[in-house]
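Notes for the structure review
Chain by chain, the residues run as shown.
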Amino acid sequence: MHLDKTMREICPMVQCTGCSACYNACRHQAINMTENELGHVYPQIDEDKCVGCNLCQMSCPVVNKPLLRYPNFCFAVALLKDEDLKFSASGGASTALMRAVINENGIVYGCTGEDVFHVHHIRVDSLQDIERLRGSKYVQSEIGLIYKSVLADLNSDKTVLFTGTPCQVAGLKSFLRKDYPKLITSDLVCHGVPSQKMLTENIHYYTSESDGKNIKVSFRRKKCGSGVNTKLNSGRIEFGWFLRNQPYPDVNRKFYDDSYMFGFLQCLTFRDSCYTCRYATSARCSDITLADFWGLGDDANYEKGKGVSLCLINTERGQSLFDKVRDKVNAQERDVVEAIIGNGQLQKPSDKNNAHALFRCLYPKLGLKVAIEKSLKKEKFKLIVIQPLKQNIKRIIGWK
Ligand SMILES: Cc1cc2nc3c(=O)[nH]c(=O)nc-3n(C[C@H](O)[C@H](O)[C@H](O)COP(=O)(O)OP(=O)(O)OC[C@H]3O[C@@H](n4cnc5c(N)ncnc54)[C@H](O)[C@@H]3O)c2cc1C
Ligand code: SF4
Ligand code: SF4
Ligand code: SF4
């Protein structure tokens, strides 16, 4: 079947993850990834350039569903030194795996946030450059034409580790359309993604700085002493999900005081595909799945505030990479079931916030901050008034 030139959809738009596999596959530059009114990117076909070859549909993971596998093993992982650990999102399992691949002359692909106005995937071939990939950026990373670069490396017989959200891993595999023995994939357990447009707009509420490289954004904060996550560098701003009741940097800011993070954590600002995400399940599309190890039992003996990664080993290829780092990190084997019970996104996709339709209407007209404030008024009231009130009542009557 050939793609009808007048057919605008490669897959149903509501399921399109923006993975860019179609964009990479088209040999006629007939596809552009364009933003919708929320800033989420979707492929748009230029019908004048399209020859109807159907390669885009053949590369789309929504049309050609990837194989999902239930994990074979589960580990808790943390890097050994606090000084190192503080630069990673959770326990630094991803960093350990990326270093192992580079140490054997392999290539790593991952997401960099060094320009906060353009969070995107890059190719890395040195240990030094691994640092550019560390930390979670809670926004959809732009893939660009990076799958083509992965293919070129695989065709040059290089070992490649690709890291990303599950839909990006699925997009890469679907683009490649066959297995390459030297490709290793590592996906993240994923809550959902806001758009770059939203992140950029949010940062502009804090600063008029136009060069995204001069701005340091920290999406989360850890208890690893001072470092990138806790220090406010002069001329730079940080925002994100800060620990409650901790001064930051000179105000007592709660996570709900930042529109972007509030919208993210309340599942308001994700792209449509995230609410029905087929990768939000215990069966995985990659060789190794990484996440925060929520629900890790106290017997595991980690300082959880410093970050502990969940590491699910889904294939033999994943196992052989993990074996190379196992002795270099604090790794403890755990039950896969413990991980699934502790992590909602290993069970089902995020629930769409009830105010999503309202937000969708308001954002294009009123901008991010006002749209989120108006959409999440009730949630904020609950957090600021109802919850503390309930806690105080419990304390007074001795239930707590
Ligand atoms: C959008 C998003 C949503 C997430 N939701 C959850 C969740 O609901 N529950 C949960 O347990 N964990 C979630 N995570 C995963 C978690 O935040 C950590 O990324 C994970 O624990 C790995 O941490 P680490 O210390 O091993 O990674 P680090 O050593 O800090 O390395 C960071 C790794 O993450 C990759 N990465 C960073 N940002 C992005 C991005 N925007 N897109 C693609 N890849 C990226 C980098 O390429 C790198 O491989 C999410 C991550 C992202 C990016
Ligand atoms: S049908 Fe072929 S030419 Fe047309 S957009 Fe798809 S890949 Fe490109
Ligand atoms: S390949 Fe990816 S970006 Fe293209 S239509 Fe399919 S899901 Fe959307
Ligand atoms: S929730 Fe699913 S569709 Fe959304 S970014 Fe994550 S993996 Fe992709």
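Above this text is the structure in question.
All of the points below concern the structure found in this document. The structure displayed is predicted, hence computed values, not measured ones.

**Focus: the overall build of the protein chain**
- Helix and strand content of the protein chain: 14 helices and ten strands.
- Split into buried and exposed, the 400 residues of the protein chain put 54% on the buried side.
- Restricting the contact set of the protein chain to residue pairs at least 6 apart, pairs at least 24 apart contribute 70%.
- With an accessible surface of roughly 18700 Å², the protein chain has 52% of that area assigned to carbon and sulfur atoms.

**Focus: the nonpolar core**
- Core analysis: the biggest nonpolar cluster contains 33 residues, and Tyr260 and Phe359 have the highest contact counts within it.
- Elements that contribute at least two residues to this core include exactly helix H8 (196-206), helix H9 (259-265), helix H12 (356-366) and helix H13 (368-375).
- With four residues, H9 is the largest single contributor of residues to this core.
- When residues no more than four places from it in sequence are discounted, the contact partners of Phe359 are Leu38, Met198, Leu268, Thr269, Pro364, Leu368, Ala371, Ile372 and Ser375.
- Grouped together as the second largest cluster of nonpolar side chains are 26 residues, Phe75, Val108, Ile288 and Phe322 included.

**Side note on the sheet that holds strand S5 (residues 120-124)**
- Taken in spatial order, the eight strands line up as S5-S4-S6-S7-S8-S9-S3-S10 in an open sheet, and their pairing is mixed. With one partner strand each, in any of the chains shown, S5 and strand S10 (330-334) form the two edges of the open sheet. Averaged over neighbouring strand pairs, the angle between their axes works out to 25 degrees when direction is ignored.
- As paired elements, strand S4 (residues 107-112) and strand S6 (residues 160-164) share three bridges and run parallel to each other. Bridging from a neighbouring strand, Val108 pairs with Leu161 of S6.
- The strands that helix H4 (residues 93-103) touches are strand S3 (73-78), S4, S5, S6, strand S8 (288-292) and strand S9 (309-313); relative to S6, the one it contacts most, it runs at about 160 degrees.

**Focus on the site of ligand 3**
- Around ligand 3 lies a shell of 14 residues, among which Cys16, Cys19, Ser20, Cys22 and Cys60 are the nearest.
- Residue composition of the shell around ligand 3, by class: eleven nonpolar, three polar and no charged.

The rules behind these values
Position labels on residues start from 1 in each chain and follow its written sequence. Chains and ligands are labelled by the order in which they are written, letters from A for the one and numbers from 1 for the other. With the structure being a predicted model, the display of local features is reserved for residues of pLDDT at least 70 and the display and counting of side-chain atom pairs for 80 or more, all residues being used for whole-chain, interface and lining totals. As a rule here, side-chain values come from all non-hydrogen atoms in the structure, and water together with hydrogens is ignored. Think of it this way: any DSSP run of H or I at least four residues long counts as a helix, any run of E at least two long counts as a strand, and we number them from the N terminus. Any residue under 20% of the maximum accessible area for its type is buried, any over 50% is exposed, and the rest in between are partly exposed; the area is computed with a 1.4 Å probe on protein chains only. We call two residues in contact whenever any of their non-hydrogen atoms come within 4.5 Å of each other. Shrake-Rupley sampling with a 1.4 Å probe provides the accessible areas, and residues are treated as covered by the protein chains on show and by no other component. By nonpolar core is meant a set of buried Ala, Val, Leu, Ile, Met, Phe, Trp, Tyr and Cys residues that side-chain atoms within 4.5 Å join together. DSSP bridges decide pairing: two strands pair if at least two such bridges lie between them. Lines fitted to the C-alpha atoms define the axes, with helices restricted to the stretch that makes contact. Angles between their N-to-C directions range from 0 to 180 degrees. When at least one non-hydrogen atom of a residue lies within 4 Å of a molecule or strand, that residue is treated as near it. Under the grouping applied here, Gly and all other residues not named as nonpolar or charged are polar, the nonpolar ones being Ala, Val, Leu, Ile, Met, Phe, Trp, Tyr, Cys and Pro and the charged ones Asp, Glu, Lys and Arg.

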